[in-house]
Structure formats: C-alpha cells, structure tokens
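# Fold and geometry: a report
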Amino acid sequence: MLFTDLKLSEPILKAISDQGYTAPSPVQAQAIPYILEGRDMLAGAQTGTGKTAGFTLPMLEILSRKTHNIKAPRQVRALILTPTRELAAQVGESVKLYGKYLKFKSAIIFGGVGMQPQVAALRQGVDIVIATPGRLLDHMSQGTIDLRHVEILILDEADRMLDMGFIKDIRRVISVLPQKRQNLLFSATYSDDIKGLCESILRNPAIVEVARRNTSSELVTQRVILVDCARKSALFGHLAVEKNWKQVLVFTRTKHQANKLSDYLQKIGVSATAIHGNKSQAARTKALADFKAGSVRILVATDIAARGLDIDQLPHVVNLELPNIAEDYVHRIGRTGRAGNEGEAISLVCVDEYDYLKSIERLIGKKFDREIVAGFEPDPAIIAMPILQGRGLSQGNHSPSGKPQGQKRERGTRQQDGGRNHNTKGDTGRNGRSNKQRKEGNRKSY
Ligand code: AMP
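So, how was this worked out
Numbering of residues starts from 1 in every chain and runs along the sequence as written. Totals for whole chains, interfaces and linings use every residue, but because this is a predicted model, local features are given only for residues with pLDDT of at least 70 and side-chain atom pairs only at 80 or more, for both listing and counting. For side-chain calculations, the full set of non-hydrogen atoms in the structure is used, while hydrogens and water are omitted. Comment: elements are numbered from the N terminus, with helices defined as DSSP H or I runs of at least four residues and strands as E runs of at least two. Exposure classes here rest on a 1.4 Å probe applied to the protein chains alone. A residue is buried below 20% of its type maximum, exposed above 50%, and partly exposed in between. Should any heavy atoms of two residues lie within 4.5 Å, those residues are considered in contact. In these notes, a set of buried Ala, Val, Leu, Ile, Met, Phe, Trp, Tyr and Cys residues joined through side-chain atoms within 4.5 Å is what counts as a nonpolar core. Whether two strands pair depends on DSSP finding at least two bridges between them. An axis is simply a line fitted to the C-alpha atoms; with a helix, the fit covers only the stretch in contact. Between two such axes, the angle follows the N-to-C directions and lies from 0 to 180 degrees. Criterion for a disulfide: a pair of cysteine sulfur atoms within 2.5 Å. Each polar contact in these results corresponds to two N or O atoms within 3.5 Å; when the atoms are within protein, one needs to be able to donate a hydrogen and the other to accept it, and residues that are neighboring in sequence are counted only if both atoms are side-chain atoms. The quantity called pLDDT is the predictor's confidence in a given residue, expressed from 0 to 100.

## Things to note about the overall build of the protein chain
For the protein chain, the count of helices and strands is 18 helices and 16 strands. Counting the 446 residues in the protein chain, one finds 55% classified as buried. Pairs at least 24 residues apart make up 75% of the contacts formed inside the protein chain by residues separated by at least 6 positions.

## What about the nonpolar core?
Formed by 39 residues in total, the largest nonpolar core has its most connected members in Leu8, Met41, Leu57, Met59, Ile80 and Ile128. Not counting residues within four places of it along the chain, the set of residues in contact with Leu8 comprises Phe3, Leu13, Ile16, Ile32, Leu36, Leu57 and Glu61. Core analysis: the next-biggest nonpolar cluster, separate from the first, contains 32 residues, Val126, Leu137, Phe166 and Leu185 among them.

## A short note on the sheet that holds strand 2 (residues 78-81)
Spatially, the seven strands line up as an open sheet ordered 3-4-2-5-6-1-7, and their pairing is parallel. Of all strands in the sheet, those bounded by a partner on one side alone are strand 3 (106-109) and strand 7 (206-209). Averaged over all adjacent pairs, the angle separating strand axes in this sheet is 10°, with direction ignored. Most of the contacts of helix 2 (residues 26-36) go to strand 7, to which it runs at about 170°, and overall it touches strand 1 (41-44), strand 6 (182-187) and strand 7. Where helix 3 (residues 51-65) meets the sheet, it contacts strand 2, strand 4 (128-131), strand 5 (152-155) and strand 6, and its direction lies at approximately 175° from that of strand 5.

## A look at the state of the cysteines
Disulfide: a covalent bond connecting the sulfur atoms of a pair of cysteines. All told, the structure shown has one disulfide when counted by the stated rule. In this model, Cys229 is linked to Cys350 through a disulfide, with the two sulfur atoms separated by 2.1 Å. A torsion of 80° about the S-S bond marks the disulfide between Cys229 and Cys350 as right-handed. In this pair, Cys229 sits in the loop between strand 8 (220-226) and helix 11 (232-242) while Cys350 sits in the loop between strand 13 (343-349) and helix 16 (354-364), placing the two residues 121 residues apart along the sequence. Using a relative accessible area of 36% as the deciding quantity, one classes Cys229 as partly exposed.

## Description of the pairing of strand 13
Most of strand 13 sits out of view: seven of its seven residues are buried. Here strand 12 (residues 316-319) runs beside strand 13; their pairing, made up of four bridges, is parallel. Looking across to strand 13, one finds that His316 is bridged to Glu344.

## With respect to the pairing of strand 2
Side-chain alternation along strand 2 places Ala78 and Ile80 on one buried face and Leu79 and Leu81 on a second face that is also buried. Relative to strand 4, strand 2 is paired through four bridges, and the arrangement is parallel. Bridged to Ile80 within strand 4 is Ile130. Bridge count for strand 2 against strand 5 is four bridges, and the pairing is parallel. Its bridge partner being in strand 5, Ala78 is matched across the sheet by Ile152.

## What about the side chain of Gln182?
Position of Gln182 among the secondary structure elements: in strand 6. One polar contact links the side chain of Gln182 to the main-chain carbonyl oxygen of Arg39, over a distance of 2.7 Å.

## As for the confidence of the model for the protein chain
Within the protein chain, residue pLDDT values average 82, and 80% of them lie at 70 or more. Across residues 389-446, confidence stays below pLDDT 50; counting only partners more than four residues off in sequence or on other chains, it has 138 contacts.

Written out as structure tokens, the structure is:
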C-alpha cells in the first residue's frame, strides 16, 4: 500500500514525502481509512509503530476538508491528550511537521512552565491543542480555553494516562466537549479501566490492533547480562567506555537511582544527564535536547519521563534495573530499533530481579541467554542459590568456583544457559504473583 492510496490530500502527501516515508506503517494503513470515514476508533498500538502519524495525518485531513472563514476567529477543533509533557511536545512537533503545508495553528499545553505564553497563544486562536490533562484543566478553570467546538478528541497512550491517575481529569475535560465529536483512543494495553473508558466515550468504534513491535521485530537485539546489584553502575560505566557508546538511553526504576547513575558517570568522565519527574520542565527539556543533539552521551531516565520519546536512530537502550511491570520493558526497548533502524537493548539483571525477568520473558514469549561480563561476575553464592536452579541459570555452565564456562559470545562477555531450562508455561514467578497482581501491588514512584 502507498500513502497515495489513503485519500490524503496533496499538502499532507507532500509533507509525508518530505519525511522520506515510503509506505504507511501497519497501524497507519489500518487506522487512517476508518478515521477518514469519521468513525470512532480504539487502537492497540504503542510508540514506535508510527501511531502518531496514524492519527495526526487523518486528523489534519478531516480538519482541512472544512474550509475556514479567515475572518472568523479560530476555534479549537481538535484536542489531543497525552500523559507526559515530553510526549505532548513530540506530538506537537509531528502536528507541525505533517501540517507544514496547511494553515493550521496549534498550541502545546503542559505544566511545569509558565501559563502566560500558553494563554497568549490560545488567545490568538488555535485549531489544534495538544495537552497534558492537568494543565488543560487549569486553563479550563481560568476560562482561558474554549473547548466547545472540538470535533476530534484523541487520547494518546490512554493506558498510561489512567496509570498516572488522570481518569477524573479526562472525564472533566470530556464533560465540556460537544456531544457530537469523533473520538480516537490509543492504548498499548486493555485493562478493565481502559475498557470502561472506551465504553463510556467511544461510539461503535472501529478496532485496530497492531502487533507488539518487540515480539515481531527482528530489529532489536535483546541481551541480558547478570551482575550483582551493587556493581551495576560500575558495569554500565565499563561498557560505556569499552564500547565507546555515543548515545544510550538508560532506564532506572527510581529518580534517586537515575541521579546516582548520572552523577557516577560524570565522575568517571562519561557525559550523562538524568531526566525524571522531579526535574524542572526546563531541565527535562534541556536534558532531552542535549541528548538528541549528541552533546550528552548518556540519558538516564525513569519510565515516566521516557514514555513515548522518539529519538531518531537511537542505537542502545540499557535497563540498569528491570521494570517491575513487564509491559514497561516493551515500551523501554521500543525506544530503539525504530523506523527501520537496528538497535540493541541490554538489561543488567541482578538476583533480586529474577522474577521480573521471568515475567518479561513470558510476556514476549522469548527466553534470553544470560551473559556475564569478565570482571563483573555475580557473587558465586548467588549463582549457586537454589532459587535460581531451574529458572534459567544452568548449574552445568559453571566452574567449581561458580563462574560460568559458557561459550564465548563476544569480547569480554560470556553466555550462560544456551537457551535451556525454558519454562514457557505461565508460572507466576517466585512469589506466586502473576504479572497483573504484581502490577496492581507495585504502584510506581518515578
Ligand atoms: P511513533 O510510533 O508515532 O512514535 O513513530 C515512530 C517513528 O516512526 C517516528 O520517528 C516516525 O517519524 C516514524 N514513522 C512514522 N510513520 C512512518 C512511516 N510510514 N515510514 C517510516 N517511518 C515512519
């Protein structure tokens, strides 16, 4: 299929061709025709699938089909809600990029920055608003935004918005929108909460589902390196220096750990910066800009800050700590191997995280080889722990000292387990909790 088969008009096709896209991605090919028919839509697609263009292109097309009376003031006709400021900024850029040959005005509305520039932009009149829910509500309560003419509502990464506790805010926003409008909801997962939201806002939705990109994508090489918890930062620093990594996004579970790793790397002379919820918006924007520009080699991030980030040709993602929700692993590694480029995702795993690793392997239906980096071998006592037996680590691969004797994989790394001991049945991990239970039990502090 070609973009020209999708009934998009010339200015939009030209903007697409400027981007060098040759064909629509699966989510675009499926979603765009439904959206252009005016249907509500529920789309199961995550970052990296091309979903942003999947809703932005038809949104622009629909808006451009109604001619605007240039004398009439502009009204907000499309509203896109996103969970994070970075995603709002990124979607806002896409709207500008794909709409560069159209005459729409858009505004990006998020917290952590001054209200006044946003108020000024809104006062001048905009057609499209891309917003995070909290700041949008501030504008609503101050009467600085009028949403009574919204024709299209798009909820991007709806599951994450619910995870972050935005459901009430979303409902308050929806309560001021016109009854007659088109609703598009994008979500990577279908929890009961998402189903409830869909039932209450979507009318006879078209359903579009694209494969989780990690399960089908051959573009991301995924690796697991075993290491003691206390030596993870040192191992990361070692790999960054030895492999001369130029651009790596590293995930930690906590803000504290993100700061700690960033400080450590700077101390050993590797340029690094951290991005997480405790940083001011200005610091977050700068960190991301420096990283994208290549002036900082390592960006250390918590899940929330990195959600939805699209960094061109990002070659490496490292999990300093595994996420405690398996789906987040999918999102994290989705930062690399994008838009046809190859990528590498490395997870540094210590014994405390073994259940998380099992959950991830179960989710994506793949068993990873366990590797060990010379000089960073885990404590032999841990390797010998009964808890690891039959859980992927094979005793047979270890020397009497407890050190693995696996086949050489690449310089300085050794491979364990060679794919044996694969328990593909849905066990629930060491503590007997399913991934869902774990998800409910471990609300995150980013
Ligand atoms: P997204 O899933 O929206 O975050 O998009 C992921 C990446 O894919 C972005 O860098 C887009 O610029 C790129 N992209 C979107 N659509 C296409 C396409 N049809 N062909 C090639 N790259 C695309």
